[in-house]
Amino acid sequence: MRPVFFELQQATVGIAGLGGLGSNVAVALTRLGPGRLVVVDFDCVEADNLNRQQYFLDQVGMHKVDAMLENLRRIRPDVEVVAHKVRLDPGNIPAVFADCDVVAECFDRSDQKQMLVETLLSRLARTVVVSVSGLAGYGRSNAIQTRRISPRHILVGDGVSGIGPGVPLTAARVGIAAHHQANAVIEVLLEQWSPD
Amino acid sequence: MPSLRINGTDHAFPGDTLPATVAELLNALEIDHATVVAEVDGQIVERTRFGETPIREGQSIELVRFVGGG
């Protein structure tokens, strides 16, 4: 398959978490063509995940990294993926993502998002971080925005819609946020790309 | 009245007192320390240093608040 952007073949993109955000980001980026993905998740696919995450019923029970690798290879057999089945913490984050040009923060819990973004920005010197805050519920598509916070931090989301009673995560709105994220990753990489 | 630029908007503090540290600023704004990433003049401030990082008049501060869901 011809990648959409040949310019991205030297790029490495990290995806921290393979849930609703991460599984959609991984599929979109595989179709778009960065050279290498570093995907990280310790969890297994559950039946409840199928309402918004890019897995299939026959993959319930598999580790998400294994199931995702299977799915990405069905899209693009030559996709280069480094998979880690670990729980990320401030101790292992710098090593896991050391080679990444950009990392997509695809966690679920707010305190874990904070931990990941803070660690990436403070411990890695050049990696750009694309994080997400506020994507729960349905409708209000245009409230989800992409905003540059600082040279190395881009934030996606509406900033306020957290998960809670009566505010579920839904495939369409999570997908909008995930594709904002994938789109920002591509934008960053194409801005950084130089022909030498 | 002393002011800070927070998330791109000027924010005035009544009574001539600026919060002394990032931690005091977050308390004044009633923001949970566990779910915010703070950048002061483009520099990331780690959560463990919120209490010891001073705030000065005229600084530009980004407070990114994370809500759950992903």
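**A closer look at the overall build of chain B**
Scanning chain B for helices and strands turns up 1 helix and 5 strands. Mapped in sequence order, the helices and strands of chain B form the string β-β-α-β-β-β. For 70 residues, the compact-globule estimate of 2.2 N^0.38 gives 11 Å, and the C-alpha radius of gyration of chain B, at 12 Å, lies within 12% of that figure. For the C-alpha atoms alone, the extent of chain B along its principal axes is close to 40 × 25 × 20 Å. Out of the 70 residues belonging to chain B, those deemed buried represent 46%. Contacts spanning at least 24 positions in sequence make up 53% of the contacts within chain B whose residues lie at least 6 apart. As displayed, chain B has an accessible area near 3,600 Å², and 44% of this comes from carbon and sulfur atoms. Looking at charge distribution, chain B has the averaged site of its 5 positive side-chain charges lying 4 Å from that of its 11 negative ones.

**A few points about the environment of Gly70(B)**
Tracing the backbone through its elements, the reader meets Gly70(B) in the segment after strand 5 (60-65). Excluding residues within four positions of it along the chain, Gly70(B) makes contact with Gly20(A), Leu21(A), Arg52(A), Phe107(A), Asp108(A), Leu135(A) and Leu169(A).

**Description of the sheet that holds strand 1 (residues 3-6) of chain B**
If you walk across this open sheet you meet the 5 strands as 2-1-5-3-4 (chain B), and the pairing is mixed. Taken across any chain shown, the strands that pair with only one partner, and hence form the sheet edges, are strand 2 (9-12) and strand 4 (43-45) of chain B. This sheet shows a mean twist of 35° between the axes of neighbouring strands, independent of strand direction. Packed onto the sheet, helix 4 (residues 110-123) of chain A meets strand 3 (36-40) and strand 4 of chain B and runs at close to 30° relative to strand 3 of chain B.

**Topic: the nonpolar core**
Residue and element names in this part refer to chain A. Membership of the largest hydrophobic core comes to 44 residues, with the highest contact counts inside it found for Ile15, Leu18, Leu21, Leu29, Leu37 and Leu72. Those elements that provide at least two residues to this core are strand 1 (12-16), helix 1 (20-32), strand 2 (36-40), helix 2 (64-75), strand 4 (102-105), strand 5 (128-132), strand 7 (153-157) and helix 5 (171-192). The greatest single-element share of this core, amounting to 9 residues, is contributed by helix 5. Contacts of Leu37, omitting those with residues within four sequence positions, involve Val13, Ile15, Ala26, Leu29, Thr30, Leu72, Glu80, Val81 and Val82. Counting 22 residues, the second-largest nonpolar core is a separate cluster that includes Val40, Leu116, Leu120 and Val129.

Reading guide: rules and limits
Residues numbered from 1 in each chain as written. Chains lettered and ligands numbered in written order. Predicted model: local features only at pLDDT ≥ 70, side-chain atom pairs only at ≥ 80, totals over all residues. Heavy atoms only, no water. Helix = DSSP H or I, 4+ residues; strand = E, 2+ residues; numbered from the N terminus. Rg over C-alpha atoms; globule rule 2.2 N^0.38 Å. Buried < 20%, exposed > 50% of the residue type's maximum accessible area, 1.4 Å probe, protein only. Contact = heavy atoms within 4.5 Å. Areas by Shrake-Rupley, 256 points an atom, 1.4 Å probe, with all protein chains shown as cover. Lys, Arg positive; Asp, Glu negative; His and termini not counted. Charge placed at Lys NZ, Arg CZ, Asp CG, Glu CD. Pairing = 2+ DSSP bridges. Axes fitted to C-alpha atoms, helices over the stretch in contact; angles between N-to-C directions. Core = buried A, V, L, I, M, F, W, Y, C linked by side-chain atoms within 4.5 Å.

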